[in-house]
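Per-entry structural report
Residue strings, one per chain:
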Amino acid sequence: MPIKTPAKKSLGAALKRRARKPAKELAAGKRSLPKALQAARAVKGKAKALDAVGIRVIFQRLHDANPEPKGELDYVNQYTLLVAVVLSAQTTDTGVNKATGPLFAVADTPQKMLALGEDKVRDYIKSIGLYRTKAKNVIALSEQLLANSGGEIPRSREELEKLPGVGRKTANVVLNIAFGEETFAVDTHLFRLANRLRIAPGKTPLEVELGLEKCVPKEFRRHAHHWLILHGRYICKAVKPECEKCVLAELCTSGDKRI
Ligand code: SF4
């Protein structure tokens, strides 16, 4: 007598319903964190990505530790934010701030930057890596902003990416900080943490970004990338992560964990 197996669709739907149950019960206070985690994992087995309960707990803890996280680049308006982010590629925020303090004091609009000219911009930023190319880009993007939008910063990733020196990551930072968009700017820290914590494992920054878009709960999306960047910068460092100080240690199964 042949054994009947449930149709794939109904089995999948049943598993999804079971997987959501612990998360709902945790939110309603009907389960404790360890029990909810256990229950969710029992349902999902050795899933590659962390389950919804774990992801929610991670962001809740990062939120509780720092409810209003801020980026560490100095700027005085949307234009100087854009310039600072362009200058920050492959450079520390501290290094950029040292150069942009004096620069933005004399040029905080596209008009003033063009009046200053490429040679002087280069002098102001010569302590920053790739400063020759970056000075060219700052001048070119200022020209383009004036020609296309009267100097205003566009609120669209597509338009931002048309500017010289602006890639997807830079556009995502500007959209998030200047306009409050729920974007995920995947830098080296975000990439490492998304993989270490299995929030959104991926082989490329884009894969991680799209994974984060799918899994980060709505109420944490606005600040998610800042929490992860700051956690990666100060605690979950690439080399020698400071696991003993980590509020996420209980949820971390990374091979890099040191406790
Ligand atoms: S426990 Fe260690 S490796 Fe895991 S997230 Fe925390 S700092 Fe990073």
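The model shown is predicted, which means the values in this text are computed figures rather than measured ones.

**Quick notes on the overall build of the chain**
Within the chain one finds 13 helices and 0 strands. Taking the intrachain contacts of the chain between residues at least 6 apart in sequence as the baseline, contacts between residues at least 24 apart amount to 56%.

**Description of the site of the ligand**
Around the ligand sit 14 residues, and of these C236, P241, C243, C246 and C252 come closest. Taken together, the residues of the shell around the ligand break down into 9 nonpolar, 1 polar and 4 charged.

**Things to note about helix α11 (residues 188-196)**
For an α-helix the count is 3.6 residues per turn, leaving residues at separations of three or four pointing the same way. Of the residues making up α11, those classed as buried are L190, F191, L193, A194 and R196. Buried residues in α11 make contact with α12 (205-215) and α13 (224-234). Following α11 by one or two positions, R198 adopts a phi angle in the positive range, close to 60°.

**Observations regarding unusual backbone geometry**
Non-glycine residue L130 carries a positive phi angle of around 60°. Mapped onto the elements of the fold, L130 is located in the loop between α7 (118-124) and α8 (131-149). Since 14 C-beta atoms lie within 10 Å of it, L130 is described here as partly exposed.

**Some thoughts on helix α3 (residues 52-65)**
Taking 1.5 Å per residue, 14 residues should reach 20 Å; α3 reaches 20 Å between its end C-alpha atoms and fits that length. Along α3, the positions that sit buried rather than exposed are V53, G54, I55, R56, V57, I58, F59 and L62.

**So, the packing of α11 against α12**
Contact pair α11 / α12: the axes reach a minimum separation of 10 Å and the direction vectors enclose 65°. Judged by the twist between their axes, the crossing of α11 over α12 is left-handed. Here L190, F191 and A194 of α11 come into contact with α12, specifically with P205, V208, G211 and L212. Of the residues belonging to the contact of α11 with α12, the class tally is 6 nonpolar, 1 polar and no charged.

**Here's the deal with the environment of L251**
Positionally, L251 belongs in the segment after α13. Accessibility expressed as a C-beta count within 10 Å gives 19 for L251, which makes it partly exposed. Taking the C-alpha atoms as reference points, L251 and R198, separated by 53 residues in sequence, lie 9.8 Å from one another. Setting aside anything within four residues of it in sequence, one finds L251 in contact with G54, V57, I58 and L197.

**Comments concerning the packing of helix α4 (residues 78-87) against helix α5 (residues 93-106)**
Interhelical geometry of α4 versus α5 gives an angle of 145° and a closest axis separation of 10 Å. In this structure, α4 crosses over α5, and the sense of that crossing is right-handed. Here T80, A84 and L87 of α4 come into contact with α5, specifically with V96, T100 and F104. Each residue belonging to the contact of α4 with α5 can be placed in one class, and the counts come to 4 nonpolar, 2 polar and no charged.

**A closer look at the environment of A107**
Mapped onto the secondary structure, A107 falls in the loop between α5 and α6 (110-116). Take A107: there are 24 C-beta atoms within 10 Å of it, and that puts it in the buried class. Separated by 27 residues in sequence, A107 and T80 place their C-alpha atoms 8.7 Å apart. Residues in contact with A107, not counting those within four places in the same chain, are K112, M113 and L116.

**Observations regarding the nonpolar core**
In terms of nonpolar packing, the biggest core is built from 59 residues, with L190 and A194 touching the most fellow members. Examining the composition of this core, we find that 7 residues originate from one element, α4, more than from any other.

**A closer look at the environment of N176**
Of note, N176 is situated in helix α10 (residues 168-179). Here N176 falls in the buried class, since 21 other C-beta atoms lie within 10 Å of it. Apart from residues no more than four positions distant in its own chain, N176 is found in contact with E181, T183, A185 and H225.

**A look at the confidence of the model for the chain**
Scored by pLDDT, the chain has a mean of 88; 82% of the residues are at 70 or more. Here residues 1-16 is modelled with pLDDT under 50, and outside its nearest four sequence neighbours on either side it reaches 2 contacts, counting other chains as well. Predicted confidence is poor over residues 38-47, with pLDDT under 50, and the contacts of this stretch with residues over four places away or in other chains come to 13 contacts.

The rules behind each value
Residue indices begin from 1 for each chain and proceed along its sequence in written order. In keeping with the predicted nature of the model, local features appear solely for residues at pLDDT of at least 70, side-chain atom pairs appear and are counted solely at 80 or more, and the whole-chain, interface and lining totals rest on all residues. Strands here are runs of E lasting at least two residues and helices are runs of H or I lasting at least four, both read from the DSSP assignment and numbered beginning at the N terminus. Think of it this way: build a C-beta for each residue from its backbone, and any pair within 7 Å is a contact. Using the backbone to place each C-beta atom, any residue with that atom within 6 Å of a molecule or strand is considered near it. Throughout, the ten residues Ala, Val, Leu, Ile, Met, Phe, Trp, Tyr, Cys and Pro are labelled nonpolar, Asp, Glu, Lys and Arg are labelled charged, and all others, Gly among them, are labelled polar. Three exposure classes are used, all based on how many other C-beta atoms lie within 10 Å of a residue's own C-beta (placed from the backbone): buried at 20 or more, exposed at 12 or fewer, and partly exposed between those limits. Here a helix's expected span is defined as the number of its residues, less one, multiplied by 1.5 Å. Simply put, an axis is a line fit to the C-alpha atoms, just over the touching stretch for a helix, and the angle between two N-to-C directions goes from 0 to 180 degrees. We call a crossing left-handed when the near helix sits turned anticlockwise from the far one by less than a right angle, and right-handed when that turn is clockwise. Put simply, a nonpolar core is a cluster of buried Ala, Val, Leu, Ile, Met, Phe, Trp, Tyr and Cys residues tied together by C-beta atoms within 7 Å. A residue's pLDDT is the predictor's confidence in that residue, given on a scale from 0 to 100.

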